[in-house]
Amino acid sequence: MESIKAPRGVRDILPDESWKWAFIFGVTRKIAEDFGYREVHLPIFEQTELFSRGIGETTDVVEKEMYTFSDRSGRSLTLRPEATASMVRAYLEHGMASGPQPSKLWCAGPMMRYERPQKGRYRQFWQLDFEAIGSASPLVDVEVIALSLEIFRRLGLSNLEVLINSVGCPSCRPVYRSALQGYLRERFDELCPTCQGRFDRNPLRILDCKVETCRAITDGAPDVRDHLCGECRSHFDEVLQGLDLIGAKFRIDKRLVRGLDYYTKTAYEVLSGDLGAQNAVCGGGRYDNLAEAIGGPHTPGVGFAAGLDRIVLTMEQQGLSFGREPSISVIVVVADEAARDEAVRLLYELRRAGVPSDMDTSGKGVKAQMKAAGAAKACCVCILGSSEVSRGVVALKEMATGSQEEIERERVVERLAAKMKAACC
RNA sequence: GUGAGCGUAGCUCAAUUGGUCAGAGCACUGGACUGUGGCUCCAGUGGUUGGGGGUUCAAGUCCCCUCGCUCACCCCA
């Protein structure tokens, strides 16, 4: 019988990697606190309509990338492909509009999308998601962008590029859309087949086509900024001014558009220069019409999602530190069977005192236990044999220096705990 | 969904034109050193060569299918 493996595009995050994730969660949690964002845990599946109405029926995500299934009662459910729609749903469902605005929330968790796996792209991937819901102020856009940049700053990431643009609103985007189509129509035959297909459905996407000929054509295309309505225009200007105010570096990119329908006004993206083709480590923007799309009252909002897998990849590529990998400090070595009970007692005293400790349970010889202690990078070893037990002492050996001394059994735990606090271990 | 490359022990890789080719190193276990690690030496555990089918006297090596991996397109975090 063939052995069962993990499904395509998903992976196990094993201990050698999971501690790095924990480090990033720690940094993120502190920043959330510093910026006043509170953590929520959302369901990983929702009613399918939340996404089809929220993200947009004709988007690639909804059309061909969702894991949709019926449960036993026939409801159509979908494994969440992103978190923003769920966050807004939760905001509406729990009447958060009656609290202080904006509601500043964040969450971390896996998202699922049926895509062809490739470097930095998995069918289950993790996102850090921050949303500020209930405010139309450009200062909130600035805060959200600043927060994402602060995560990258504290993690030590470099070689990043911050791109920003405005995609307008329902009143000015159609104007720009037709202006763009008008311009492109004359050179329609020169566009790549993909872009010819995008012409009617989503002409804005033609702007970020990678094909050389398309780029040459769109170089001279009308700029969104010249077609924004007064409100979108001033909003965009205030966002840019705010970013300047706090010293954030960014580049306005008129080619930047979004693949999800709910975006309005501000759109931004953070690109890593140390990834492959999937180089966005963070993407986000404003979505003033999302709440209405899913059946709520008009509620402005802005937020971003950062790709955890891609952040880890970039950090590894740049040789950055993930803090200290947790490891066992003390190994209790049993020299002979007569000392086993005492060794177990000592082990649990150490653990209760907060000293990371372990011992062999398979009856290995002293040499093998020592070897294991070395491999586990233990700081100290407590050796207990009948000789030590009868004299009420423990042989304490420091692995780094190899020096060994006998100390009173009563004082061992206290001594090792102190050593830990002094960060000697 | 499209294209290209690749799938040999837990890991990294060997195996001339198909002919003892199923191996090495690391890791793991044990021993030399019967109560002391990192070095050295020795031994052992471990693979129906991703799976299935075909060609052949003979296939890890060739052909087909399938699954998966990698990279790119596409899309996006």
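Here is what the cut-offs are and how they apply
Residues numbered from 1 in each chain as written. Chains lettered and ligands numbered in written order. Predicted model: local features only at pLDDT ≥ 70, side-chain atom pairs only at ≥ 80, totals over all residues. Heavy atoms only, no water. Buried < 20%, exposed > 50% of the residue type's maximum accessible area, 1.4 Å probe, protein only. Helix = DSSP H or I, 4+ residues; strand = E, 2+ residues; numbered from the N terminus. Arc of directions from axis to C-beta. Contact = heavy atoms within 4.5 Å. Near = heavy atom within 4 Å. Polar contact = N/O pair within 3.5 Å; in protein donor to acceptor, adjacent residues only side chain to side chain. Nonpolar A, V, L, I, M, F, W, Y, C, P; charged D, E, K, R; others polar. Domains from an automatic or database assignment. Pairing = 2+ DSSP bridges. Axes fitted to C-alpha atoms, helices over the stretch in contact; angles between N-to-C directions. Parallel < 35°, antiparallel > 145°, perpendicular 65-115°, else oblique.

Take helix H15 (residues 412-421) next. If you check which residues of H15 are buried, you get Val412, Val413, Leu416, Ala417 and Lys419. Summarising the axial view, the buried residues of H15 lie within an arc of 160 degrees, below the 170-degree limit, and thus occupy one face. Opposite its buried face, H15 presents the exposed residues Glu414 and Lys421, each directed more than 90 degrees away. Those residues of H15 that are buried lie in contact with strand E12 (330-334), helix H12 (340-352), strand E14 (380-384), strand E15 (393-398) and strand E16 (404-408). Just downstream of H15 lies alanine 423, where phi reads positive at about 60 degrees.

Taken together, the neighbourhood of RNA strand B is formed by 46 residues, with Arg116, Arg198, Arg205, Gly259 and Met399 sitting nearest. The sugar-phosphate backbone supplies 50% of the atoms of RNA strand B found within 4 Å of the protein. Here a base oxygen of RNA strand B sits 2.4 Å away from a polar atom, N or O, in the side chain of arginine 116. Elements supplying a minimum of two residues to the surface near RNA strand B: strand E6 (124-133), strand E10 (280-286), strand E11 (301-307), helix H13 (366-375) and helix H14 (386-391). At five residues, H13 tops the list of elements feeding residues into the surface near RNA strand B. Classifying every residue of the surface near RNA strand B by side-chain character gives 14 nonpolar, 13 polar and 19 charged.

Our focus in this paragraph is the domain arrangement of chain A. One can read the domain layout of chain A as domain 1 (15-172 + 228-317) and domain 2 (330-421). Computed from C-alpha coordinates alone, the two centres of domain 1 and domain 2 are separated by 49 Å.

It is worth spelling out the sheet that holds strand E3 (residues 67-70) at this point. On the basis of which strands lie adjacent, the open sheet formed by three strands has the order E2-E4-E3 and antiparallel pairing. Edge positions in the open sheet fall to strand E2 (45-47) and E3, since each of these has one partner strand only. Direction aside, the axes of adjacent strands within the sheet are offset by 35 degrees on average. Relative to strand E4 (residues 76-79), E3 runs antiparallel, the two sharing four bridges. In the strand pairing of E4, phenylalanine 69 is matched with leucine 77.

Let us look at the pairing of E11. E11 sits mainly inside the fold: seven of its seven residues count as buried. Burial of the side chains of E11 extends over both faces: Gly301, Gly303, Ala305 and Gly307 are buried on one face and Val302, Phe304 and Ala306 on the other. Sheet topology places E6 next to E11; seven bridges connect them, and they run antiparallel. Directly across from phenylalanine 130, in E11, lies its bridge partner phenylalanine 304.

Relative to each other, helix H1 (residues 15-35) and helix H11 (residues 308-317) sit at 105 degrees, their axes nearing to 11 Å. Of the possible angle classes, the one that applies to H1 and H11 is roughly perpendicular. For the pair H1 and H11, the contacting residues are Glu17, Lys20, Trp21, Phe23, Ile24 and Phe25 in the first and Leu308, Asp309, Ile311, Val312, Met315 and Glu316 in the second. Of the residues in the contact of H1 with H11, the class split is eight nonpolar, no polar and four charged.

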